[in-house]
Amino acid sequence: MKVLILAAGYATRLYPLTREYPKPLLEVKSKPIINHIIGKLEKIPAVDEIYVVTNSKFIRVFRGWARSLKSSKKITLVDDLTKSNQDRLGAIGDIDFVIARKRIKDDLLVIGGDNLFSGSLNKFLSYSGKRPSKASIGLYRLKRREDARRYGVVELDASGKVAGFEEKPDKPKSSLVAMCLYFIPACLLKMVREYISSKKGKTDTTGGYIAWLGRRSDIYGHIFKGSWFDIGDHKYLNAAKKKFV
């Protein structure tokens, strides 16, 4: 299994902190956000390589980080060749870029580089492994339904299959939201390129791809326990610094 950590965004909502510094390297509880993710990946024997996709603006900063990182896993940095928020590839664009550039043919675990969570990745992959030819997504149940307006809102049927998906709805039908955490089996990797080929505009949000894929193949959702912080702005970064365990 390969892992792709998405770290090519420009995080404009966190300026001035991220004007010259990448969001995944901001510290929470005395270490970079991305280090918390890699710490979880260390415990998964099936993972033989971790790709970190960033951009031309921040690639040097990530190289410095990688030199100081102690990990038993092979870490490979990928520059998506963009230089600003205006020419970014978007999340799905970056996934497609890395799959093509690195010729990935194995199962792929995709994680947002600003995704801070206490739940177990082993449990998520065990759940995904029960349906090895189907995609799975990580989900989290918020305490307040109105907060779900910031995310992709998911409805599950009795079998755990995604029965409904709506990106940032004004009136959420549930408090269950999609984390930026996806298991893509090798047999479905080609669907990423098919999705991009079908779109004329930017392919920024992963939610659009999940909604599209769900109309063509069953997707299953695993609900994470514990805490989760999607660090998109100063409010949630400060909350994570105070409350993340």
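This text follows the structure it describes.
For the structure given in this document, a descriptive report is provided here.

Thresholds applied
All chains use their own residue numbering, which begins from 1 and follows the written sequence. In keeping with the predicted nature of the model, local features appear solely for residues at pLDDT of at least 70, side-chain atom pairs appear and are counted solely at 80 or more, and the whole-chain, interface and lining totals rest on all residues. As a rule here, side-chain values come from all non-hydrogen atoms in the structure, and water together with hydrogens is ignored. Only runs of H or I of at least four residues qualify as helices and only runs of E of at least two qualify as strands under DSSP, and these elements are numbered from the N terminus. Atoms considered for the radius of gyration are the C-alpha atoms alone. The globule rule reads 2.2 Å times the number of residues to the power 0.38. The buried label goes to any residue with under 20% of its type's maximum accessible area, the exposed label to any with over 50%, and the partly exposed label to all in between, with areas taken from a 1.4 Å probe on protein chains only. Contacts: residue pairs with any heavy atoms within 4.5 Å of one another. Two rings from Phe, Tyr or Trp (for Trp, the six-membered ring) form a pair when their centres are within 6.5 Å of each other. A pair whose planes differ by under 30 degrees is stacked, one over 60 is edge-to-face, and the rest are tilted. Only lysine NZ and arginine CZ atoms are considered, and such an atom sits over a ring when it is within 6 Å of the ring centre and within 35 degrees of the ring normal. One requirement defines pairing of two strands: DSSP has to find at least two bridges between them. Note on handedness: a clockwise path from strand one over the helix to strand two, with the strands aimed away from the viewer, defines a right-handed crossover. Salt bridge criterion: a side-chain nitrogen from Lys or Arg within 4 Å of a carboxyl oxygen from Asp or Glu. Polar contacts here mean pairs of N or O atoms no more than 3.5 Å apart (in protein, one a potential hydrogen donor and the other a potential acceptor; neighbouring residues in sequence count only if both atoms are side-chain atoms).

Assigned secondary structure in the protein chain consists of 7 helices and 13 strands. A compact globule built from 245 residues would reach a C-alpha radius of gyration of about 18 Å, and the protein chain, at 17 Å, matches this within 12%. Considered along the principal axes of its C-alpha atoms, the protein chain spans approximately 45 × 40 × 40 Å. Sorting the 245 residues of the protein chain into buried and exposed places 54% on the buried side.

For helix α6 (residues 206–214), every residue scored as buried is listed here: T206, G207, Y209, I210, W212 and L213. If you follow the buried residues of α6, they end up packed against α3 (91–101), β8 (135–141), β10 (162–167), β11 (176–184), α5 (190–198) and β12 (219–223).

Turning to α3, a few remarks are in order. Since the α-helix turns once every 3.6 residues, residues separated by three or four places project in the same direction. Most of α3 sits out of view: 9 of its 11 residues are buried. Restricting attention to buried positions, one finds in α3 the residues A91, I92, G93, D94, I95, D96, F97, V98 and I99. On its buried face, α3 is in contact with β1 (2–6), β4 (49–54), β5 (75–79), β6 (108–112), α5 and α6. Once α3 finishes, R103 follows within two positions and takes phi at roughly 50 degrees, a positive value.

Right, let's get into the packing of aromatic side chains. Counting across every chain of the model gives 10 aromatic pairs. Pairing Y195 with Y209 gives two aromatic rings, centres 5.3 Å apart and planes at 70 degrees, and the pair type is edge-to-face. Remark: Y209 occurs in helix α6 and Y195 occurs in helix α5; sequence separation between them is 14 residues. In this structure Y195 comes out as buried when scored by relative accessible area, which is 4%. One aromatic cluster is present, formed by F117, F124 and F224 through successive ring pairs. Taking the ring centre of Y127 as reference, the NZ or CZ of R131 above it sits at 5.2 Å. Its guanidinium or amino end placed over the ring of Y220, R131 lies 4.0 Å from that ring's centre, counting from NZ or CZ.

For the rest of this paragraph, the subject is the pairing of β5. Bridging between β4 and β5 involves 5 bridges; their strand directions are parallel. Looking across to β5, one finds that T54 is bridged to D79. Traced from β4 through helix α2 (residues 59–68) to β5, the parallel crossover comes out right-handed.

Our focus in this paragraph is the pattern of salt bridges. Applying the stated criterion across every chain yields a total of 8 salt bridges. In this structure, the salt-bridge partner of D48 is K2, at a minimum N-O distance of 3.2 Å. Of this pair, D48 sits in the loop between α1 (33–41) and β4 while K2 sits in strand β1; the two residues are 46 residues apart in sequence, bridging distant segments of the chain. Judged by relative accessible area, K2 falls into the buried class, the value being 10%. Here D147 ties to R144 by a salt bridge, and the two come within 2.9 Å at their closest N and O atoms. By relative accessible area, which is 24% here, D147 ends up partly exposed.

Moving on to the side chain of S128. Turning to its location among the elements, S128 is positioned in helix α4 (residues 121–129). Looking at S128, its side chain comes within polar contact range of the side chain of S136, at 3.3 Å. Apart from residues no more than four positions distant in its own chain, S128 is found in contact with S136 and F183.

Before going further, it helps to examine unusual backbone geometry. Omega for the peptide link from Y15 to P16 comes to 5 degrees, which places this bond in the cis form. Turning to its location among the elements, P16 is positioned in the loop between β1 and β2 (27–28). We note that A11 has phi near 50 degrees; this positive angle belongs to a residue other than glycine. Within the secondary structure layout, A11 lies in the loop between β1 and β2. Non-glycine residue L81 carries a positive phi angle of around 70 degrees.

On to the side chain of T18, then. Examined against the element boundaries, T18 turns out to sit in the loop between β1 and β2. A polar atom in the side chain of T18 sits 2.6 Å from the backbone oxygen of A11. The residues touching T18, leaving out its near neighbours within four places in the chain, are Y10, A11, K23, L26 and F58.

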